[in-house]
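# Working through the structure, step by step
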Amino acid sequence: MDLRKQIEEAAREAGKILLSANDIQAATDEKSGHANFVTMYDKKVQEFLFAELARVLPEASFVGEEEGAECFREEYRRGYAFVIDPIDGTTNFIKAYRPSVVSIGLLLDGKPFIGVVYNPYHGILYSAERGKGAYRNGVLIHSSGEPLERSIFSMGTAPYYEELTARSFRIAENYLHRTIDMRRSGTAAWDLCLLAEGITGLYYELRLGLWDFAAGAVIAGEAGCVLTDIDGNPLTYDGPSSVLAVSAGVARENYMPEA
Ligand code: LIP
């Protein structure tokens, strides 16, 4: 079975832990930052994936959201490095607001190589491998060809970083006047997949951990999207960043935020 298929299998198995979760509120702790929660299921899924994927690719290194620090060590720039968000959309998970997803990114020599995002609640799996296209449940997908004015956009509020709130909403107001309407899913990985599938035309968030966007960025990139930071600089994969991602159609025009 090829590497991407094996990672997809691991994501589906991890998804079963989310579906079997109960009494989530009692299993919840707070991390640093505003409304930044972690549940025992985030840790359980991360533990499972670290073990399972180490079996699949023994030479790989690992970085996961629940390791506690946005630690990107030098060794991740060489060879394979898994970048894992065991439950992207933890607040959604705690509040039973769907979806929350399992997000597994694989970097090769510090560059995005494979991405798998699995929504166990709706049985939807997105995956991509560099140079081989992006897929939704095994069907090839492409981003939208529509211009901004005929698109809906999604945004992330970067809720853990209150100093970013004012700018996040200035940009949202600016895009609301240039698009049809706005959506907020609560999970960056899912937002990037909806962009890849041509449902939205633009997604942005002013600060994300590498684990929030590593997998979704491969999927969106392979579906024809253009990804930068919020100021239009090339997206880097060595730590937290802002993300601005647009469809192939929107990429053809000036789409930078005017705020
Ligand atoms: C979440 C992101 C979401 C963002 C949240 C949070 P988590 O990731 O997916 O887009 O708005 O603040 O960062 O913490 O649930 O893995």
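What comes next is a walk through the structure. Keep in mind the model is a prediction, meaning the values are calculated, not measured. (Residues numbered from 1 in each chain as written. Predicted model: local features only at pLDDT ≥ 70, side-chain atom pairs only at ≥ 80, totals over all residues. Heavy atoms only, no water.)

Inspection of the region around the ligand gives 14 residues, with Asp 85, Asp 88, Gly 89, Tyr 160 and Glu 205 positioned closest. Separating an oxygen atom of the ligand from a backbone N or O atom of Gly 89 is a distance of 2.8 Å. Arg 184 has a polar side-chain atom sitting 2.9 Å from an oxygen atom of the ligand. Relative to its unbound accessible area of 380 Å², the ligand is 96% covered by the protein chains. When atom positions are compared with the pocket grids, the ligand is found to occupy the largest pocket. With three residues, strand β4 (residues 80–88) is the largest single contributor of residues to the shell around the ligand. (Near = heavy atom within 4 Å. Polar contact = N/O pair within 3.5 Å; in protein donor to acceptor, adjacent residues only side chain to side chain. Areas by Shrake-Rupley, 256 points an atom, 1.4 Å probe, with all protein chains shown as cover. 1 Å grid on protein atoms, 1.4 Å probe; cavity = no way out; pocket = protein on both sides within 12 Å on 5 of 7 lines; lining within 4 Å. Sits in = over half its atoms within 2 Å of the grid points. Helix = DSSP H or I, 4+ residues; strand = E, 2+ residues; numbered from the N terminus.)

Among the structural elements, Asp 88 can be located in strand β4. Within the buried core, Asp 88 has no salt-bridge partner, and the shortest N-O distance to an opposite charge, that of Arg 184, equals 8.4 Å. A distance of 3.2 Å separates a polar side-chain atom of Asp 88 from the backbone nitrogen of Ala 188. A polar side-chain atom of Asp 88 sits 2.9 Å from the main-chain amide nitrogen of Ala 189. (Buried < 20%, exposed > 50% of the residue type's maximum accessible area, 1.4 Å probe, protein only. Lys, Arg positive; Asp, Glu negative; His and termini not counted. Salt bridge = Lys/Arg side-chain N within 4 Å of Asp/Glu carboxyl O.)

Now for the packing of aromatic side chains. Counted under the stated rule, the structure contains ten aromatic pairs. With a centroid separation of 5.7 Å and an interplanar angle of 70°, the aromatic rings of Tyr 126 and Trp 190 are classed as edge-to-face. Of this pair, Tyr 126 sits in strand β7 (residues 124–129) while Trp 190 sits in helix α5 (residues 188–196), and the two are 64 residues apart along the sequence. The buried category is assigned to Tyr 126, whose relative accessible area is 1%. Ring pairs connect the aromatic residues Phe 50, Phe 62 and Phe 82, which therefore count as one cluster. The ring of Tyr 161 carries Arg 207 above its face, with NZ or CZ at 5.0 Å from the centroid. (Phe/Tyr/Trp six-rings, centres within 6.5 Å; stacked < 30°, edge-to-face > 60°. Lys NZ or Arg CZ within 6 Å of the ring centre and 35° of its normal.)

Estimates place the volume of the largest pocket at around 700 Å³. Contributing to the lining of the largest pocket are 35 residues, with Asn 36, Glu 65, Pro 159, Tyr 160 and Asp 212 lying nearest its centre. For the lining of the largest pocket, the secondary-structure elements that each account for two or more residues are β4, α3 (90–95), β12 (202–208) and α6 (210–222). With four residues, the single largest contributor to the lining of the largest pocket is α3. Across the lining of the largest pocket, the residue classes break down as eleven nonpolar, twelve polar and twelve charged. (Points joined across faces, edges and corners; volume = space filled by probe spheres on them. Nonpolar A, V, L, I, M, F, W, Y, C, P; charged D, E, K, R; others polar.)

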